[in-house]
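A closer look at the structure
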Amino acid sequence: MAEVRIDKWMWATRIFKTRTIAAEACKKNRVMIQGVNVKASRMIKVGDIIQVRKPPITYSFKVLEVTERRMGAKMVPQYLENVTTADQYEILELNKISGFVDRAKGMGRPTKKDRRELEQFAGPDAMDDFDFDFDFDTDNE
C-alpha cells in the first residue's frame, strides 16, 4: 500500500477518534501538508509531514508508514513520528496554567471557586442581622 486517504490515516493512527471528525477537521482547514490545507480525500505517502491544528496548538506528524486499519495505541509509533516543536507544547502548558482566566465574569455557569465565594459571602451568618419579626396589624384600615 503506497498511498492512503489522509482522513483514514489520521483515524487509524488515533489522531482523531472517528473518521468523521478527521474529515470535518479537513473541511474546516485544520489539516495541512507543507502549509497547504488539504481535503479529506488527499492521498498521503511515507515521508509527508502533516500539521493538525487542535486549538490552541498545531501538532506536526511525520508519516512513517501508511495504513487504513485502526490499531492499538502501542502500535502507533510504528506509523507516525510526532515532530511538534517545543514552543507549541509551551503554549499548551501556559494554557493549562492559566485555567479559565479568559472566562468573562458573569458569563456561563459559575465555577466551584465562584460558588464557594458566594456561599462565604451569603452564608448562614449573613441572614442573622435581619429582624424578620413584622407587626402586621389587621386593624389598620
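Report follows, based on the coordinates. (Residues numbered from 1 in each chain as written. Predicted model: local features only at pLDDT ≥ 70, side-chain atom pairs only at ≥ 80, totals over all residues. Heavy atoms only, no water.)

1. Let's talk about the overall build of the protein
The test is simple: Counting from the N terminus, the helices are the DSSP runs of H or I reaching at least four residues and the strands are the DSSP runs of E reaching at least two. Remark: exposure states derive from per-residue accessible area (1.4 Å probe, protein chains only) relative to the maximum for the residue type, with buried under 20%, exposed over 50%, and partly exposed in between. Two residues qualify as a contact provided that any one of their heavy atoms is within 4.5 Å of a heavy atom in the partner residue.
Of regular secondary structure, the protein possesses 4 helices and 7 strands. Secondary structure of the protein in N-to-C order comes out as β-α-α-β-β-β-β-β-β-α-α. The burial tally for the protein puts 26% of its 141 residues in the buried class. Considering only contacts in the protein between residues 6 or more positions apart, those separated by 24 or more positions represent 46%.

2. Overview of the environment of Pro55
When you line up the elements, Pro55 lands in the loop between β5 (49-54) and β6 (57-63). Relative accessible area serves as the criterion here: at 60%, Pro55 is assigned to the exposed category.

3. Here's the deal with the pairing of β5
What counts is decided by this rule: Strand pairing requires that DSSP identify at least two bridges connecting the strands.
Summarising the sheet, strand β2 (residues 31-33) and β5 pair through 3 bridges and their orientation is antiparallel. Looking at the pairing, Val31 lines up with Val52 of β5. The antiparallel hairpin formed by β5 and β6 contains 2 residues in its connecting segment.

4. Comments concerning the sheet that holds β2
Read across the open sheet, the 5 strands follow the order β3-β2-β5-β6-β7; overall the sheet is antiparallel. In this open sheet, the two strands that pair with only one neighbour each are β3 (36-37) and β7 (80-82).

5. Some remarks on the pairing of β6
Across the 7 residues that make up β6, a large majority, 5, are buried. Bridge count for β6 against β7 is 3 bridges, and the pairing is antiparallel. Paired with Val63 across the strands is Leu80, a residue of β7.

6. Remarks on the pattern of salt bridges
To be explicit about the condition: A pairing counts as a salt bridge when a side-chain nitrogen of Lys or Arg comes within 4 Å of a carboxyl oxygen of Asp or Glu.
The full count for this structure, using the stated rule, is 5 salt bridges. Note that Asp48 is salt-bridged to Lys45, the shortest N-O span being 4.0 Å. As a salt-bridge pair, Glu119 and Arg115 come within 3.2 Å of each other at their nearest N and O atoms. On the criterion of helical spacing, the pair formed by Glu119 and Arg115 is a turn pair, its members being 4 residues apart in helix α4 (residues 112-121). Taking the relative accessible area as the measure of exposure, Glu119 reaches 46% and is therefore partly exposed. Among the charged side chains, a salt-bridge network with shared partners connects Arg5, Asp7 and Arg19.

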